[in-house]
Amino acid sequence: MNAKDDRDEGGPEGALRNEDPGESREAGPEAAAARGSSASEGARADDGASKAARVDDGAAREARREGVAEDDGAAEGEHDEEDDAAPEPPPRPRGPSMWDILRDSFFTFDRRTLGFTRILLGFFLLGDLFRRSWAWSDMFADIGVLPNHVNLWRPQGGGNFSIVNAFSTPGELWVLWAVIFATYVCLLIGWKTKLMQVLSLVFVTSMNGRVLLIENGGYVVHNLLLLWTCFLPLGDRFSVDALLASLKRSRERTADDLNDRSTLDDPRKPDAHVTVLGPVLLIQLAAIYFFNVVHKTGPAWKNGTAVHFVLYVDRMVTPIIADVRDYAPNFLILFMTRMVISFEAAIPVCLLSPLGRVWARRLTLVMMNLLHVGFGTTFVLGPFAWALCVFSTLLIGREDWEIAARTMRRVHRARVVLFDPRSPGAVLACRLLKRMDRFGLLTFEASDSAAHGLAARRPGGEAVEGAAALADIVSAIPLGPVVAWVLRLPLVRDAATAAMAAAHRRSLGRALGARIPERSEIAPPPAPLRLAGRKVLVALREVAVLVMFVGAINQAAVELWVIKNRWKVPHPEPTRVLAQKLRFLQGWFMFSPNPVMDDGTIVVDAVTVDGRHINPFTGEPPNFDLLHAKSFGYTQIWCDYFARIKLPANTSYRDAMKEYMYRYPDRTGRPEDAIVSGDVYWVKDWNPKWGSTESYGEEREKLFSFQNPKAQARAQAEPPPAPGAPAEPPSPAN
């Protein structure tokens, strides 16, 4: 059937086949039949009414008194029934109950939202893995700053769990990296989704808990993102799992089967997913922002100058911001500070408000992403900003998907897909296209003359084949136009057409195992025992959510300043384990009570065997000038490591730091870079005062000195340098 003939020309744009694709999927063929017969039924009803109006009531009553013929009596009885059964007014529609309002406001996620969140989560996890790759061996290997044997004998936290401790050498750790990468890719495409969610949770918490010297609030948000989404069915939409399940549930072989869209989605998994995790997740997100606001009690937040001081923290700020911060006018700084406070205060209110829920969630989505995209591009905060951006996508609702579908659906992209019913590859391609065609813009038609097994017909009746047909078909799929243009490029077009012809000519689909189903069928529903088992698993999942929520509340009560400074809340061992074993913490004090007013970093003045002074962490001579620094260019990992290793509580990890510096020539491949001795300093200064751009008050604190006996012995055994060559003796140990 031609797509142009099937379009309602008098209706609005997008009225292809006079039906909504989502409606046809939910109603099924029965609804389509009802729609098809509604006109004839209405005509018969009107005709019967006109006949009844012509009946003479008096004659009928007289006939009943005189005992007329049987057929007249039957007609008379029918008329009496019509008189007695007077039409009743239709019942007034009931409004939503209180439970309906609560359910839709707090307990419901759209499964399309969950699928979209899974895709963004996969990209986020892959980006985070590559972020760690630059310091992968430096942080986790036995040649790094904290070998696993040191971490096991001197645990940094309360015995936190990490499988990374089982991998020691760089080779082992890179194999682990490859496994984590494969897991994240599988999560991204939605293959074995639930298993990949659990594995991703284990990998993320293990990496974040391996070196607590680099942990910050972003790592905690990262852990919580993986924890709470682990209880959600992220693979029910837009996933390989959903595609395979749909192919298994419905086996199509004819054009009529392909045009029936009632079996696309599992009827037991509607778009609305109701779970107790809904309010739990809203409370978790609201707590992050609420307590960040409550704890910002310092004068810099009250007078609006906080952003000024943060922009001059060179160990955290990105190089681009460091170059432009001097030109930011004061009114802009004041505005950004007020905006941060306003957004953090408004987000909890919008999240938990049942009034105007749709627009409140949309406003929250906008505020969260504006806030955290700004943070993520301005500072090196690790996963903090981007994890909360992924979190925010869970707020997308059914109404937003309806707007997106109406906006993206374009009737002029409708196509008739012509396929060779004898080709297993063409039939399989059509079965896949049916499941990807969420806008209902594709109509399937069997054609023995379809070029290359698959062709297309445009609304005007023009038939296209090869890459042009493939590009037209892909354009009808959601987001298809983003990639369809590539198929229209000259070289790509010729290559794609040749590949389609070769695949059809050699029956590539059959060679790869594709088969035309023997008969059209729909899989029967699961057995009652299996359905009962699923209900038990759902109940256990909901209980697990509540248990973890209890642990989160208890952890917040013992960790948040505003609570623990007023009340002494007990921390039982079971809830402590739930919260701290995998670092599901609840301390929200970002830049509180005041923003960071000072700046500082580790500077190492090390002496090599040939007398040069070098900082083994930068590979350059030591630079003690912080007053004129324009961003140190560190990643979040090294920024936080330097800030933590200076603390007296972490002196037990400085021996591992020394060993890491001694291995400097192994990293450079230059024997002359062997370090004989050196001094480690914490260099700090104060950020510029309000109205100024010049830092002040630089200080230098010597943390410790070190000597490398092996390198000293080598230096003593080597001949003295030639006359006139610059050389300095090793600095004495303190």
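Up top is the structure.
Looking only at helices and strands, the protein features 32 helices and 12 strands. In the protein, which comprises 734 residues, the share counted as buried stands at 47%. Expressed as a percentage of contacts within the protein between residues at least 6 apart in sequence, the contacts between residues at least 24 apart total 78%. In the form shown here, the protein has an accessible surface area of approximately 36,400 Å², with 62% of it arising from carbon and sulfur atoms.

Okay, the packing of aromatic side chains next. By the definition in use, this model includes 24 aromatic pairs. The rings of F617, F632, Y634, W638, Y641, F642 and Y660 are connected pair by pair, giving a single aromatic cluster. Across from the ring centre of Y696, 5.3 Å away, lies the NZ or CZ of K689, which sits over that ring. Above the ring of F624, the side-chain terminus of R700 is found at 3.8 Å from the ring centroid.

By secondary structure assignment, the location of L508 is in helix α25 (residues 508–511). Looking at L508, the relative accessible area reads 41%, which means it is partly exposed. Spatially, the C-alpha atom of L508 lies 7.0 Å from that of G425, the residues being 83 residues apart in sequence.

Turning our eyes to something else, we now look at the environment of T337. Inspection of the secondary structure assignment puts T337 in helix α17 (residues 330–352). Taking the C-alpha atoms as reference points, T337 and A300, 37 residues apart in sequence, are found 9.2 Å from one another. Discounting residues that sit within four places of it in the chain, T337 has contacts with A300, W301, G304, T305, A306 and V307. A polar side-chain atom of T337 sits 3.3 Å from the main-chain amide nitrogen of V307.

Next up on the list: the sheet that holds strand β5 (residues 442–446). Strand order in this open sheet of 4 strands is β5-β4-β6-β7, and the pairing throughout is mixed. The open sheet has two edge strands, β5 and β7 (463–465), and neither has a second partner. The average angle at which neighbouring strand axes cross in this sheet is 30 degrees, direction not considered. Sheet analysis places strand β4 (residues 415–419) next to strand β6 (residues 454–457), joined by 4 bridges and oriented antiparallel. Residue pairing across strands places V416 opposite R457, the latter belonging to β6. Strands β4, β5, β6 and β7 of the sheet are contacted by helix α22 (residues 466–475), whose axis makes an angle of about 110 degrees with β7.

A few words on the packing of helix α5 (residues 111–133) against helix α8 (residues 170–189). In the contact formed by α5 and α8, the axes pass within 7 Å of each other and the chain directions differ by 160 degrees. Looking at the two axes, α5 sits roughly antiparallel to α8. The two elements α5 and α8 cross, and the hand of that crossing is left-handed. The residues of α8 that touch α5, namely those facing R118, I119, L121, G122, F123, L125, L126, L129, F130 and S133, are W174, W177, I180, F181, Y184, V185, L187, L188 and I189. For the contact of α5 with α8, the residue count by class is 16 nonpolar, 2 polar and 1 charged.

Another aspect to go through is the pairing of strand β11 (residues 675–686). For β11, the buried fraction is high: 11 of the 12 residues fall into the buried class. Pairing of strand β9 (residues 598–608) with β11, which is carried by 11 bridges, proceeds in the antiparallel orientation. Of the residues in β11, the one forming a bridge with V607 is S677. As paired strands, β11 and strand β12 (residues 696–707) are joined by 9 bridges and run antiparallel to one another. Following the sheet pairing, W682 is matched in β12 by E701.

Turning to the packing of helix α18 (residues 357–378) against helix α20 (residues 398–408), a few remarks are in order. Packing of α18 against α20 leaves a shortest axis separation of 9 Å and a crossing angle of 80 degrees. Here α18 lies roughly perpendicular to α20, going by the angle between them. Note on element contacts: α20 touches α18 through E399, D400 and I403, opposite R357, V358 and R362. Along the lines of polarity and charge, the residues of the contact of α18 with α20 split into 2 nonpolar, no polar and 4 charged.

A contiguous nonpolar patch, built from M98, W99, I101, L102 and V274 and spanning about 470 Å² of accessible area, is present on the exposed surface. Of the residues forming the nonpolar patch, the biggest block, 4 residues, is contributed by helix α4 (residues 98–107). When you line up the elements, L102 lands in helix α4.

Once that is clear, we can look at the pattern of salt bridges. All chains considered together, the criterion is met by 41 salt bridges. E252 is the salt-bridge partner of R435, the closest N and O atoms lying 2.8 Å from each other. Here R435, found in helix α21 (residues 424–436), pairs with E252, found in the loop between β2 (250–251) and α12 (255–259); they are 183 residues apart in sequence, far enough to count as distant. The exposure classification of R435 matches that of E252, with both residues buried. In this structure, the salt-bridge partner of D673 is R670, at a minimum N-O distance of 3.0 Å. R670 gets classed as partly exposed once you look at its relative accessible area, which sits at 37%. A network of salt bridges, in which partner residues are shared, links R415, R458, E462, D472 and R488.

Attention shifts here to the sheet that holds β9. Taken in spatial order, the 4 strands of this open sheet run β10-β9-β11-β12, and their pairing is antiparallel. Edge positions in the open sheet fall to β10 (613–614) and β12, since each of these has one partner strand only. Packing against the sheet, helix α30 (residues 654–662) makes contact with β9, β11 and β12, and its axis sits at approximately 80 degrees to β12.

Here we take up the environment of P665. On the secondary structure map, P665 appears in helix α31 (residues 664–668). Residue P665 is classed as buried on the basis of its relative accessible area of 14%. Put simply, P665 and P616 are 49 residues apart on the chain and 9.2 Å apart in space, counted from C-alpha to C-alpha. Apart from the residues lying within four places of it in its own chain, the contact partners of P665 are R670, D673 and A674.

Let's shift gears to the pairing of β6. Residues of β6 alternate between two faces, with L454 and A456 on one and A455 and R457 on the opposite face, all of them buried. Of the strand pairs in this sheet, β6 and β7 are connected by 3 bridges, and their pairing is antiparallel. Considered in β7, the bridge of R457 is made with A463. What sits between the antiparallel neighbours β6 and β7 is a turn of 5 residues, in which G461 has the positive phi angle 100 degrees.

For residues other than glycine, phi is negative in most cases, and the peptide bonds are mostly trans. In this structure, the amide linkage connecting S592 to the following residue, P593, adopts the cis form with an omega of -10 degrees. Within the secondary structure, P593 sits in the loop between α28 (573–580) and β9. One non-glycine residue, F591, lies in the positive phi region at around 50 degrees. Topologically, F591 is positioned in the loop between α28 and β9. Even without glycine at this site, S631 takes up a positive phi of about 70 degrees. Within the secondary structure layout, S631 lies in the loop between β10 and α29 (636–645).

We now examine the side chain of R315. Its place among the elements puts R315 in the loop between α15 (306–310) and α16 (319–324). Residue classification places R315 among the buried positions, given a relative accessible area of 14%. Side-chain polar atoms of R315 contact the side chain of D599, separated by 3.4 Å.

Criteria and cut-off values
Residues numbered from 1 in each chain as written. Predicted model: local features only at pLDDT ≥ 70, side-chain atom pairs only at ≥ 80, totals over all residues. Heavy atoms only, no water. Helix = DSSP H or I, 4+ residues; strand = E, 2+ residues; numbered from the N terminus. Buried < 20%, exposed > 50% of the residue type's maximum accessible area, 1.4 Å probe, protein only. Contact = heavy atoms within 4.5 Å. Areas by Shrake-Rupley, 256 points an atom, 1.4 Å probe, with all protein chains shown as cover. Phe/Tyr/Trp six-rings, centres within 6.5 Å; stacked < 30°, edge-to-face > 60°. Lys NZ or Arg CZ within 6 Å of the ring centre and 35° of its normal. Polar contact = N/O pair within 3.5 Å; in protein donor to acceptor, adjacent residues only side chain to side chain. Pairing = 2+ DSSP bridges. Axes fitted to C-alpha atoms, helices over the stretch in contact; angles between N-to-C directions. Parallel < 35°, antiparallel > 145°, perpendicular 65-115°, else oblique. Left-handed = near helix turned anticlockwise from the far one by under 90°. Nonpolar A, V, L, I, M, F, W, Y, C, P; charged D, E, K, R; others polar. Patch = residues over 30% accessible without salt bridge, like charges linked within 9 Å, V, L, I, M, F, W, Y side chains within 5 Å. Salt bridge = Lys/Arg side-chain N within 4 Å of Asp/Glu carboxyl O.

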